[in-house]
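Listed here are the chains, written in short residue letters.
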Amino acid sequence: GSLLSTAKNATFSSYNFLTLSFLMASLLLKNGRVVTADSDSVCDILIEGETIVSIGRKLAADGAEVIDCTGKIIVPGGIDPHVHLDMPFMGTFSSDTHETGTRAALHGGTTTVIDFVLQKQGHSLREALTEWQGRATGTAVGDYSFHMAVTDFNPGTKEEIKDMVAEGITSFKTFMAYKGALMIDDAQMVGLMQEVKKHGALVTAHATNGDMIDTLIAQHRAQGKLTPLYHYLSQPEVTESEASGRFADIANYTGVNAYIVHLTCEGALNQVRRATERNQRVFVETCIQYLLLDASLYEDEANGAKYVMSPPLREKKDQETLWAGINQGLVQVVGTDHCPFMLAQKLVGKDDFSKIPNGHPAIEHRMELLFSEGVSKGRISLQKFVAVTSTNPARIFGMFPRKGTISIGADADLVVFDPEKKHTISAATHHMNVDYSAYEGWELTGKIDTVLLRGQVAVDGGQTKVGRGYGKFIRRGVTAF
Ligand code: URP
Ligand code: ZN
Ligand code: ZN
Ligand code: ZN
């Protein structure tokens with residue numbers, strides 16, 4: 001409802017209430033099954049302006065617009081902490097902008113994303129941040145924040161860490177692969193960790209052994225082994241488990257908060273298990289594709305490029321490890337690593353897998369895929385679903401409790417799920433700016449009806465209700481997990 005219609009329907013009992021009603025539209029979600037990471041009850045949620053102001057049974061509010069949520073599940077807006085929007089990479093740009101990517105995210109119940117700013121080697125963090133702000137400010141539809149990828153740690157960079165933390169950029173991404181473009185060595189890693197530790201912030205890693213991968217790629221190319229299958233064979237499990245263990249070891253030495261992004265396999269998770277045996281905590285993110293897709297897709301030469309991402313898809317046994325890891329609390333986050341490229345962009349590598357831009361589109365379907373394949377199929381509980389899609393990323397990345405839960409005072413970022421409704425994923429109907437879906441034809445159980453972002457209906461019945469520029473930059477604090 002607009003401010004006007006809310007005001008018209010209201011029964012004004014006092015001047016104060018009148019003033020309040022004009023300033024803030026109120027919205028009442030009735031009789032939903034409200035699920036957080038640690039609660040589950042049928043109740044009402046009252047929203048004023050951008051914020052949840054009351055949660056309880058039989059709430060009434062004069063003049064509020066009412067949404068009947070009977071039979072629906074209400075969860076906190078999703079947080080996808082791993083997306084690459086409009087990112088220069090491997091000679092091209094990922095195909096979703098901050099506008100199209102955050103809009104697609106909203107359609108899938110993800111109200112906040114954390115995007116990666118990439119420092120250019122030889123240049124400052126500030127320059128990179130300014131460039132990314134230029135693309136996201138005034139264009140994002142959903143809320144967003146930034147990680148800072150440190151690709152060149154030097155005395156200048158060191159001085160900039162505290163400035164980034166002061167601006168609410170409290171996570172520093174490292175690449176242990178992509179040598180010559182993004183990779184840092186162990187000397188830079190230890191220096192960065194020591195500096196980040198001083199400010200209570202977090203270091204994250206793409207933990208794969210870049211030198212080993214580059215050697216295997218060169219060997220395969222020299223042997224004329226150029227199909228997408230060799231992308232997979234150039235990044236065997238050991239390249240990830242070795243780097244994951246090394247990252248955990250250096251983090252343990254420095255005492256910094258550490259987080260492994262897009263962990264895919266048993267060997268790497270076992271390195272995290274080993275770290276827990278010395279009482280170290282290493283946060284782990286996996287991504288939806290590693291739970292649901294496997295390496296057999298690379299055997300299809302014609303379509304394999306769609307699944308070229310790093311690390312590559314793994315085996316069924318790894319999927320089982322990751323589901324178990326979620327239930328064991330070793331894997332705290334399910335993100336996407338959304339990094340879409342059009343088929344024409346992927347085709348650049350049709351004769352050489354090493355030229356295929358790495359990445360896969362999933363920002364829109366993470367929540368519905370995990371709900372259907374995880375919750376509906378009994379692999380994880382609803383509480384776990386909320387924890388890994390929203391609450392844990394909010395806590396780890398310093399946005400809790402403003403984001404990541406349903407509580408009084410929190411941003412009214414809410415997802416209304418119809419748990420029984422079936423739907424089919426297709427590139428023909430998705431909102432991402434990419435001309436294929438990695439999940440084409442998948443029939444899912446559970447569909448998102450309505451999404452609220454900061455008290456506004458952002459998506460309803462498949463229609464976008466908020467426009468370009470509605471998304472706000474979210475300044476983050478440090479980890480509180
Ligand atoms: O293949 C991927 N993952 N592309 C995006 C960059 C990265 O490594 O996360
Ligand atoms: Zn410069
Ligand atoms: Zn990566
Ligand atoms: Zn990534």
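Here the residue index of a chain counts from 1 through its sequence in written order. Note on labels: chains are lettered from A, ligands numbered from 1, in written order. Local features in this predicted model are restricted to residues of pLDDT 70 or higher, and side-chain atom pairs are both shown and tallied only at a pLDDT of 80 or more, whereas totals for entire chains, interfaces and linings draw on every residue.

In the annotation of an unreviewed UniProt entry, the chain is listed under the name Dihydropyrimidinase and assigned to Hymenobacter fastidiosus. UniProt, in its Sequence similarities (unreviewed entry) section for the chain, records the words "Belongs to the metallo-dependent hydrolases superfamily. Hydantoinase/dihydropyrimidinase family." UniProt positions are given in the numbering used here, feature names are shortened, and annotations may be inferred rather than shown by experiment. We quote the UniProt Cofactor (unreviewed entry) comment for the chain here in full: "Zn(2+)".

J.: Would you mind showing me how to read the overall build of the chain here?
T.: Helix and strand counts for the chain stand at 15 helices and 19 strands. Throughout, radius of gyration means the C-alpha value; the globule benchmark is 2.2 Å times the number of residues raised to the power 0.38. Over its C-alpha trace the chain gives a radius of gyration of 22 Å, about what one expects of a compact globule, namely 23 Å for 481 residues. Projected onto its principal axes, the C-alpha coordinates of the chain cover approximately 80 × 50 × 40 Å. Exposed residues have 12 or fewer other C-beta atoms within 10 Å of their own C-beta, buried residues have 20 or more, and partly exposed residues fall in between, where C-beta atoms are placed from the backbone. Considering the chain as a whole, with its 481 residues, one finds that 53% of them fall into the buried category. In this description, any two residues whose backbone-derived C-beta atoms lie within 7 Å of each other are considered to be in contact. Expressed as a percentage of contacts within the chain between residues at least 6 apart in sequence, the contacts between residues at least 24 apart total 76%. Helix and strand labels come from DSSP, where a helix needs a run of H or I of at least four residues and a strand needs a run of E of at least two; each type is numbered from the N terminus.

J.: Help me understand the domain arrangement of the chain, please; the structure alone is not making it clear to me.
T.: Quite often, the size of an interface is put as the accessible area lost when its parts meet. Domain annotation for the chain reports domain 1 (3–75 + 412–420 + 443–464) and domain 2 (77–396). The distance between the C-alpha centroids of domain 1 and domain 2 comes to 34 Å. At the junction of the two partners, domain 1 supplies 20 residues and domain 2 supplies 21 residues. Of all the secondary structure elements, the ones that give two or more residues to the side of domain 1 that touches domain 2 are β16 (414–424), β17 (443–453) and β18 (456–460). Asp, Glu, Lys and Arg are counted as charged, while Ala, Val, Leu, Ile, Met, Phe, Trp, Tyr, Cys and Pro are counted as nonpolar; the rest, among them Gly, fall into the polar class. When its residues are assigned to classes, the side of domain 1 that touches domain 2 shows 12 nonpolar, four polar and four charged. Domain boundaries shown here were taken from an automatic or database domain assignment.

J.: Would you mind showing me how to read the pairing of strand β5 (residues 73–76) here?
T.: On any regular strand, side chains alternate: one points to one face of the sheet, the next to the other face. Pairing of strand β1 (residues 26–35) with β5, which is carried by two bridges, proceeds in the parallel orientation. The residue of β5 that forms the bridge with Val34 is Ile74. In this description, strands pair whenever DSSP reports at least two bridges between them.

J.: Looking at this structure, I do not really get the nonpolar core. What am I missing?
T.: Burial of nonpolar side chains together is a common tendency in soluble globular proteins. Think of a nonpolar core as buried Ala, Val, Leu, Ile, Met, Phe, Trp, Tyr and Cys residues chained together by C-beta atoms that fall within 7 Å. By size, the foremost hydrophobic cluster in this structure holds 141 residues, and its most contacted members are Ile74 and Val203. It is helix α15 (residues 382–396) that contributes the most residues to this core, six residues altogether. For this core, the two domains that each supply at least three residues are domain 1 (3–75 + 412–420 + 443–464) and domain 2 (77–396). Discounting residues that sit within four places of it in the chain, Val203 has contacts with Phe172, Thr174, Leu192, Met193, Val196, Ala251, Val256 and Ala258.

J.: Explain the sheet that holds strand β11 (residues 171–175) to me, please; I cannot follow it from the model alone.
T.: Consider a sheet: its strands pair through backbone hydrogen bonds, and that pairing is either parallel or antiparallel. Ordered in space as β6-β9-β10-β11-β12-β13-β14-β15, the eight strands form an open sheet in which the pairing is parallel. Looking along the sheet, the strands with just one partner apiece sit at the ends: β6 (78–83) and β15 (333–335). Each strand of the sheet is rotated relative to its neighbour by a mean of 30°, with strand direction disregarded. Taken together, the seven bridges between strand β9 (residues 110–118) and strand β10 (residues 143–149) define a ladder with parallel strand orientation. Following the sheet pairing, Phe116 is matched in β10 by His147. Angular values range over 0 to 180 degrees, each being the angle between N-to-C directions of two axes fitted as lines to C-alpha atoms, with helices fitted over their stretch in contact.

J.: Honestly, the UniProt feature "domain: Amidohydrolase-related" (unreviewed entry) in the chain in this entry has me stumped. Any pointers?
T.: UniProt's entry tags residues 73–457 with the feature "domain: Amidohydrolase-related" (unreviewed entry), counted in the numbering of this structure. End-to-end, the C-alpha atoms of residues 73–457 are 16 Å apart, and along that stretch the chain is 37% helix and 20% strand.

J.: Teacher, can you tell me more about the environment of Gly477 here?
T.: One can find Gly477 in the segment after β19 (463–464). You can call Gly477 partly exposed: it has 15 C-beta atoms within 10 Å. C-alpha of Gly477 to C-alpha of Gly325: the two residues are 152 residues apart in sequence and 27 Å apart in space. Excluding anything up to four places from it in sequence, Gly477 contacts Thr170 and Gly398.

J.: Would you mind showing me how to read the site of ligand 1 here?
T.: A molecule or strand has a residue near it when that residue's C-beta atom, placed from backbone coordinates, lies within 6 Å of it. Every residue close to ligand 1 is listed here: His84, His206, Met309, Ser310, Asp337, Cys339, Asn358 and Gly359. Residues that form the shell around ligand 1 fall into these classes: two nonpolar, five polar and one charged.

J.: Can you help me understand helix α3 (residues 98–107) in this one?
T.: Since the α-helix turns once every 3.6 residues, residues separated by three or four places project in the same direction. In terms of burial, α3 is a largely internal element, 10 of the 10 residues being buried. Among the residues of α3, those classed as buried are His98, Glu99, Thr100, Gly101, Thr102, Arg103, Ala104, Ala105, Leu106 and His107. Positive backbone phi, at 85°, marks Gly109, one or two positions downstream of α3.

J.: Honestly, the pairing of β11 in this entry has me stumped. Any pointers?
T.: A large share of β11 lies buried, amounting to five of its five residues. Side chains Ser171, Lys173 and Phe175 of β11 all project onto a buried face; the interleaved residues Phe172 and Thr174 project onto the opposite face, where all are buried too. With two bridges joining them, β10 and β11 adopt parallel strand pairing. Bridge pairing in β11 places Ala149 opposite Lys173. If the strands point away from the viewer and the path from the first strand over the helix to the second runs clockwise, then the crossover is right-handed. In this view, the connection linking β10 to its parallel neighbour β11 by way of helix α5 (residues 155–166) has right-handed handedness. Pairing of β11 with strand β12 (residues 202–206), which is carried by five bridges, proceeds in the parallel orientation. Bridge pairing in β12 places Lys173 opposite Thr204.

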